[in-house]
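Structural features, examined
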Amino acid sequence: MNQIKELKEFIEDNKISQELIARDLGVTFVTLNRWLNGKAQPRDKAIIKIKNFMSNFKNSVEKVSAFNVENLDTCIYSEKELENFAEQITNN
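To start, this report covers the structure provided alongside it. (Residues numbered from 1 in each chain as written. Predicted model: local features only at pLDDT ≥ 70, side-chain atom pairs only at ≥ 80, totals over all residues. Heavy atoms only, no water.)

Topic: a negative patch on the surface
- A grouping of Glu-6, Glu-9, Glu-12 and Asp-13 is seen on the molecular surface, where their side chains present a negatively charged patch.
- Note on placement: Asp-13 falls in helix α1 (residues 3-14).
- Taking the relative accessible area as the measure of exposure, Asp-13 reaches 60% and is therefore exposed. (Patch = residues over 30% accessible without salt bridge, like charges linked within 9 Å, V, L, I, M, F, W, Y side chains within 5 Å. Areas by Shrake-Rupley, 256 points an atom, 1.4 Å probe, with all protein chains shown as cover. Salt bridge = Lys/Arg side-chain N within 4 Å of Asp/Glu carboxyl O. Lys, Arg positive; Asp, Glu negative; His and termini not counted. Charge placed at Lys NZ, Arg CZ, Asp CG, Glu CD. Helix = DSSP H or I, 4+ residues; strand = E, 2+ residues; numbered from the N terminus. Buried < 20%, exposed > 50% of the residue type's maximum accessible area, 1.4 Å probe, protein only.)

Remarks on the pattern of salt bridges
- Applying the stated rule across the entire model yields two salt bridges.
- In this structure, the salt-bridge partner of Arg-23 is Asp-24, at a minimum N-O distance of 3.4 Å.
- In this structure, the salt-bridge partner of Lys-80 is Asp-24, at a minimum N-O distance of 3.6 Å. Within this pair, whereas Lys-80 is found in helix α5 (residues 79-91), its partner Asp-24 is found in helix α2 (residues 18-25), the two being separated by 56 residues in sequence.

Topic: the nonpolar core
- Leu-7, Phe-10, Ile-21, Leu-25, Leu-32, Trp-35 and Ile-50 are the most contacted members of the largest nonpolar core, which totals 17 residues.
- A per-element tally of this core places helix α4 (residues 44-65) first, with five residues.
- Contact partners of Phe-10, with chain neighbours within four places excluded, come to Lys-15, Ile-16, Phe-53, Met-54, Phe-57 and Lys-58. (Core = buried A, V, L, I, M, F, W, Y, C linked by side-chain atoms within 4.5 Å. Contact = heavy atoms within 4.5 Å.)

See the structure below:
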């Protein structure tokens, strides 16, 4: 499966905004939208960023799933992980 198809499914499955993904990938919304609509192809460097983004997001979700208020004082979460956690709470 090509990277853009994977990214489309990832967006749909995780209900993530294109604006958020574009910002995290370091591209404009327009560029990301062109990739998703097949009007342009990401370069190799962008494909690596896409793979890393999806992997990091999945890892963050797993960490959030394991989040436990009782052990909060022993946990260290990145700002991005906390943002993902807050977004999940808001969406549920």
